[in-house]
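Descriptive structure summary
So the chains spell out like this:
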Amino acid sequence: MNFKLILNIAIHLLRARLKQSIVAAVGVTFGIAMFIALVSFMNGLNDLLDGLMLNRTPHVRLYNEIKPSENQPISLSEKYKNDIHFISSVKPKDRGKAIYNSKAIVHFLKQDQRIIDVASKITTPVFFNSGTIEISGVISGIDVTAEEKLFKISDYVIEGNVIDLEQNNSIIIGKGLADKMLLVKGDIIKITTAKGNLASLKIVGISQIGISEIDDTSSYTSLETAQKLLGEATNYITDIQIKLFDISTSPSVAKEFQEKFDLDAIDYQTANSQFETGSSVRSIISYAVGIVLLIVAGFGIYNILNMMIFEKMDSIAILKATGFSGSDVKWIFISLSMIIGLTGGVFGLLFGFAFTVIIDNIPFNTASLPTISTYPINYDPLFYIIGISFAIITTGIAGFFPAMKASKIDPVEIIRGK
């Protein structure tokens, strides 16, 4: 088999139906370009949403959940422990939200080689008061340095500086909360805790995550200020936030720490299952649309090759009569389809990259996401590898069936028919 000769014949046939071949290649180009643009944008959008929510979530969170006691008093009785008990009106155990021996637990976790770092936190419901306005919300008392290292909360502070939280009696409030209460940086906001404790805190910053439910109710202060506000000791914390080097191990690590420290634990996958499901669905849709576009382009190549075989019956008969085997003829038409697919695929990659660059430079201005200036794009090279692979596979399959048809043509019948 002379591959150089086969390739030359395929190019000659391509030139004979140049317009139709260009149309087929344009179809592949369009399919690949749209696939690249769509997948890059959808994955960029997923990355944006992950940054807004998932990356702000600890990989493992340790806390005390309010729940009924697992062992009721009657279960501890030697006399009745093997009997079936019907217990009604079970009340939750009042063990409080505080994590006992928290400093020892945090010290132990910091020694674990699997952990990037640990951030202690206090979460408590409060009432925000300004004049006659009273709004329920949540204060998060944070270790400012650790929280900034793990979650980059400064990215969402649109006024002020997160380091200012280290000042006594200071607070950063959400943009929605500030707008509702007509507060600005430098104002004083009064806080009432669930126990009735009162405090006046100075607003040193405004944050905006872009999720109204959080921006309307959330605020940040230092651990020391939160402990003072609640009237608790300096070792009082309600949450231990953990970030791991290998995020995929978070479910097993959460289970391990739950058993070791007798605390409730939740991993990021469980806490954000809805967001992960949404990201997966968007990715599936983008890949499905791209594949459909390539399949449509493949039908175009199939039709063009079928028409070419019908018009070139005499040429195929002459090739066979001069010594070309059915396999040679088959490879001529497969080569033809591969040339169309490869050419269309390469141009599709170039146009797809151009489209993504254009999208990436379109201004994206919205009040709810002030940290985002352009539409999100993911330039992962894997998308381009998948795109060109689909182009070659689709056009190869589209050319295979007409090529098999051409290889079975009997030259004697064609010549007699003439």
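Since the structure is predicted, the reported quantities are computational estimates derived from the model, not experimental observations.

Another point: the UniProt feature "transmembrane region" (unreviewed entry) in the protein chain. UniProt records the feature "transmembrane region" (unreviewed entry) for residues 21–42, 284–310, 331–359 and 382–401 in the present numbering. Counting secondary structure, residues 382–401 comes out at 100% helix and 0% strand; the distance between its end C-alpha atoms is 29 Å.

Attention now moves to the pairing of strand β2 (residues 115–130). In terms of burial, β2 is largely enclosed, as 12 of its 16 residues are buried. For β2 and strand β3 (residues 133–142), the ladder comprises 10 bridges, and the chain directions are antiparallel. Looking across to β3, one finds that Thr123 is bridged to Ser140. Here β2 hands over to β3 after two residues, with Gly131 in that stretch at a positive phi of 65°.

The phi torsion at Leu182 lies on the positive side, around 55°, for a residue other than glycine. Along the chain, the position of Leu182 falls in the loop between α5 (175–181) and β6 (188–193).

In this section: the side chain of Ser40. Of note, Ser40 is situated in helix α2 (residues 18–52). In this structure the side chain of Ser40 is engaged in a polar contact, spanning 2.7 Å, whose partner is the backbone oxygen of Ile36. Ser40 has contacts with Thr356, Pro376, Ile377, Asn378 and Phe383, leaving out every residue within four places of it along the chain.

A separate point is the environment of Asp216. Looking at the element boundaries, Asp216 is found in the loop between α6 (212–215) and β8 (218–222). Owing to a relative accessible area of 22%, Asp216 belongs among the partly exposed residues under this scheme. Measuring from C-alpha to C-alpha, the distance between Asp216 and Gly137 comes to 7.8 Å, with 79 residues separating the pair along the chain. Dropping the residues within four chain positions of it, Asp216 is found in contact with Gly176, Leu177 and Lys180.

A few words now on the side chain of Ser207. For Ser207, the location among the structural elements is in strand β7 (residues 198–207). Discounting chain neighbours no more than four positions away, the residues touching Ser207 are Tyr156, Val157, Ile158, Ile172, Ile173, Gly174, Lys175, Asp215 and Tyr220.

With that settled, consider helix α4 (residues 144–151). Among the eight residues in α4, six count as buried, and that is most of the element. Residues of α4 that are buried: Val144, Ala146, Glu147, Glu148, Leu150 and Phe151. Buried residues in α4 make contact with β2, β3 and β9 (239–244). Looking at the residues trailing α4, positive phi occurs at Lys152, about 50°.

Here we take up the packing of helix α3 (residues 102–110) against helix α8 (residues 250–261). Running from N to C, α3 and α8 cross one another at 140°; their axes reach a closest spacing of 13 Å. Taken together, α3 and α8 sit at an angle that is classed as oblique. Handedness of the crossing formed by α3 with α8: right-handed. Of α8, the residues touching α3 (which contributes Ile105, Phe108 and Leu109) are Phe257, Lys260 and Phe261. Here the residues of the contact of α3 with α8 are counted per class, giving five nonpolar, no polar and one charged.

Here the focus is the environment of Thr193. Inspection of the secondary structure assignment puts Thr193 in strand β6. Sequence separation between Thr193 and Leu229 is 36 residues; the distance between their C-alpha atoms is 7.7 Å.

Here we take up the confidence of the model for the protein chain. The share of residues in the protein chain with pLDDT of 70 or more is 85%, and the mean pLDDT across the chain is 81. Mean pLDDT across the elements of the protein chain ranges from a minimum in helix α14 (residues 411–417), with 64, to a maximum in strand β5 (residues 170–174), with 93.

Taken together, Leu342, Val346, Phe347, Leu350, Phe351, Phe355, Ile358, Ile362 and Ile392 make up a surface patch of nonpolar side chains, about 780 Å² in accessible area. Ranked by residues supplied to the nonpolar patch, first place goes to helix α12 (residues 326–360) with seven residues. By the secondary structure assignment, Ile362 is in the loop between α12 and α13 (381–407).

What follows concerns α13. What sets the pattern is the α-helix's 3.6 residues per turn: residues three or four places apart point alike. In this model, α13 (27 residues) spans 38 Å end to end at C-alpha, consistent with the 39 Å of a helix rising 1.5 Å per residue. Phe400 marks where α13 bends most, by close to 25°; the proline Pro402 follows one to four residues later.

A few words on the pairing of β3. Working note: regular strand, side chains alternate between the two faces of the sheet. Relative to β8, β3 runs parallel, the two being bridged by five bridges. Bridge pairing links Ile139 to Ser219 in β8.

By secondary structure assignment, the location of Gln111 is in the loop between α3 and β2. Since its relative accessible area comes to 49%, Gln111 is described here as partly exposed. From its side chain, Gln111 meets the backbone oxygen of His107 in a polar contact 3.4 Å long.

Criteria and cut-off values
- Residues numbered from 1 in each chain as written.
- Predicted model: local features only at pLDDT ≥ 70, side-chain atom pairs only at ≥ 80, totals over all residues.
- Heavy atoms only, no water.
- UniProt positions renumbered as here; feature names shortened; annotations may be inferred.
- Helix = DSSP H or I, 4+ residues; strand = E, 2+ residues; numbered from the N terminus.
- Buried < 20%, exposed > 50% of the residue type's maximum accessible area, 1.4 Å probe, protein only.
- Pairing = 2+ DSSP bridges.
- Polar contact = N/O pair within 3.5 Å; in protein donor to acceptor, adjacent residues only side chain to side chain.
- Contact = heavy atoms within 4.5 Å.
- Axes fitted to C-alpha atoms, helices over the stretch in contact; angles between N-to-C directions.
- Parallel < 35°, antiparallel > 145°, perpendicular 65-115°, else oblique.
- Left-handed = near helix turned anticlockwise from the far one by under 90°.
- Nonpolar A, V, L, I, M, F, W, Y, C, P; charged D, E, K, R; others polar.
- pLDDT = per-residue confidence, 0-100.
- Patch = residues over 30% accessible without salt bridge, like charges linked within 9 Å, V, L, I, M, F, W, Y side chains within 5 Å.
- Areas by Shrake-Rupley, 256 points an atom, 1.4 Å probe, with all protein chains shown as cover.
- Salt bridge = Lys/Arg side-chain N within 4 Å of Asp/Glu carboxyl O.
- Expected span 1.5 Å × (residues − 1).
- Bend = angle between axes of the 7 residues up to and from the residue.

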